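A look at the structure
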Amino acid sequence: MSRAIPRTYWVAGTAVLLALLFAAAATVAAANGGSAAPAAPRTPGLHSADAGFARDMAVHHQQAVEMSFIVRDRTQDEAVRTLAYDIANTQANQRGMLLGWLDLWGLPKVVADEPPMSWMGSTAGHGGHAGHGPAKPGALMPGMATKEELEQLGAASGRDAEVLFLQLMTDHHKGGVTMAEGCAQQCGTPVERDLAQGMVDAQRSELTLMADMLKQRGATPRG
């Protein structure tokens, strides 16, 4: 025991000394512009993929929340209502994060001269849209429902409302997955890339679930 205590203090003291030496080396490297110092986070630019995705996905998510609230009032089916609640809750929270980042970056939530999904650059399809085909007439982005489709959903009830909701949300998720994949590949902010990849994984899982729910109701996804 008489030797254990001094050795313990010696090991601890050595660890502290090494930590101080590493800290000093990092400080010197930072002062000299060396690569050992961590780079300061870069604030995304106005037309960056980071900012464009945050703006567009916030709009995309808002419609998913709206459709989810509509169908909850148009059916008593517990499975559909549970799915709608999960989508509304998840996407409302994610939308808050996206808008919060724009505030943090000091960037506007709307840019008048920026076409939807133009941030996807060379991966974009017609008119700046990407992946899941061009947006249909009356829809802002691929996968999004038109005003007429939202009115149709609000007028339906029971099985008709359930099927239409599942079909509209399937299209919506397909467009959302394409956008999120774009950010996961192009965005420069690690936490935003992680969120985008999480969206891809979750919405693909929900696409499988919704295909099964449509099949149970004698229906299929549209197109």
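The notes below deal with the structure included here. Residue positions are given per chain, counted from 1 along the sequence in the order it is written. Given that this is a predicted model, residues contribute local features only at a pLDDT of at least 70 and side-chain atom pairs are listed and counted only at 80 or more, while totals for whole chains, interfaces and linings are drawn from all residues. With hydrogens and water set aside, each side-chain value is computed from the structure's full complement of heavy atoms.

To continue, consider the nonpolar core. Take the buried Ala, Val, Leu, Ile, Met, Phe, Trp, Tyr and Cys residues and link them wherever side-chain atoms come within 4.5 Å; each set so joined is a nonpolar core. When accessible area is computed with a 1.4 Å probe and restricted to protein chains, residues below 20% of their type maximum are described as buried, those above 50% as exposed, and intermediate ones as partly exposed. Core analysis: the largest hydrophobic core is formed by 49 residues, its most contacted members being Phe53, Met67, Leu98, Trp119 and Phe165. In this structure, Met67 is in contact with Ala145, Leu150, Leu153, Phe165, Leu168, Met169 and His172, ignoring residues within four places of it in sequence. Should any heavy atoms of two residues lie within 4.5 Å, those residues are counted as being in contact.

A few words on the state of the cysteines. Put plainly, a disulfide is one covalent bond tying together the sulfur atoms of two cysteines. Whenever a pair of cysteine sulfur atoms sits within 2.5 Å, that pair is classed as a disulfide. Scanning all chains against the criterion turns up 1 disulfide. Two residues share a disulfide in this structure: Cys183 and Cys187, whose sulfurs sit 2.2 Å from each other. Around the S-S axis, the bridge from Cys183 to Cys187 shows a dihedral of about -120 degrees and counts as left-handed. The exposure classification of Cys183 matches that of Cys187, with both residues buried.

This next bit is on the packing of aromatic side chains. By convention here, two paired aromatic rings are described through the distance between centres and the angle between planes. Each pair of aromatic rings taken from Phe, Tyr and Trp, with Trp reduced to its six-membered ring, is defined by centres within 6.5 Å and is described as stacked if the planes are under 30 degrees apart, edge-to-face if over 60, and tilted in the remaining cases. Tallied over the full model, the rule gives 2 aromatic pairs. Arranged with centres 6.4 Å apart and planes meeting at 20 degrees, the rings of Trp101 and Trp105 form a pair that is stacked. With Trp101 and Trp105 both in helix 3 (residues 78-105), this residue pair falls 4 residues apart, about one helical turn. What makes Trp101 buried here is its relative accessible area of 13%. Of the residues examined, Trp105 reaches a relative accessible area of 13% and is grouped as buried. Under the scheme used here, helices are H or I runs from DSSP no shorter than 4 residues and strands are E runs no shorter than 2 residues, and both carry numbers assigned from the N terminus.

With that settled, the discussion passes to unusual backbone geometry. One non-glycine residue, Met117, lies in positive phi territory at about 65 degrees. Mapped onto the elements of the fold, Met117 is located in the loop between helix 3 and helix 4 (147-155).

It is worth spelling out the packing of helix 2 (residues 49-72) against helix 6 (residues 190-216) at this point. Axes here refer to lines fitted to C-alpha atoms; in helices the fit is confined to the stretch in contact. Angles between the N-to-C directions go from 0 to 180 degrees. Between helix 2 and helix 6, whose axes approach to 11 Å, the crossing angle comes to 35 degrees. The two elements helix 2 and helix 6 cross, and the hand of that crossing is left-handed. Touching Asp50, Phe53, Ala54, Met57 and His61 of helix 2 are Glu192, Ala196, Met199 and Gln203, all from helix 6. Nonpolar residues are Ala, Val, Leu, Ile, Met, Phe, Trp, Tyr, Cys and Pro. Charged residues are Asp, Glu, Lys and Arg, and all others, Gly as well, are polar. Partitioned by chemical class, the residues of the contact of helix 2 with helix 6 number 5 nonpolar, 2 polar and 2 charged. Definitions for this section: a left-handed crossing has its near helix turned counterclockwise from the far helix by less than a right angle. A right-handed crossing has that turn clockwise.

Our next topic: the pattern of salt bridges. In what follows, salt bridge is the name for a side-chain nitrogen of Lys or Arg lying within 4 Å of a carboxyl oxygen of Asp or Glu. All told, the structure shown has 8 salt bridges when counted by the stated rule. Residue Glu162 pairs with Arg217 through a salt bridge whose shortest N-O separation is 2.8 Å. Here Glu162, found in helix 5 (residues 158-186), pairs with Arg217, found in the segment after helix 6; they are 55 residues apart in sequence, far enough to count as distant. One exposure class covers both Glu162 and Arg217, and it is buried. Put simply, Glu181 and Arg204 hold a salt bridge, and the shortest N to O gap is 2.3 Å. Of this pair, Glu181 sits in helix 5 while Arg204 sits in helix 6, and the two are 23 residues apart along the sequence.

Residues spaced three or four apart along an α-helix face the same direction, because each turn holds 3.6 residues. All buried positions along helix 4 are accounted for by Glu149, Leu150 and Leu153. Buried positions in helix 4, seen along its axis, are confined to an arc of 100 degrees and lie on one side of it. Opposite the packed face of helix 4, turned more than 90 degrees from it, sit the exposed residues Lys147, Glu148 and Ala155. Each element contacted by the buried residues of helix 4 is listed here: helix 2 and helix 5. Throughout, the arc means that of the directions going from the helix axis to the C-beta atoms.

Keep in mind these values describe shape, not function.
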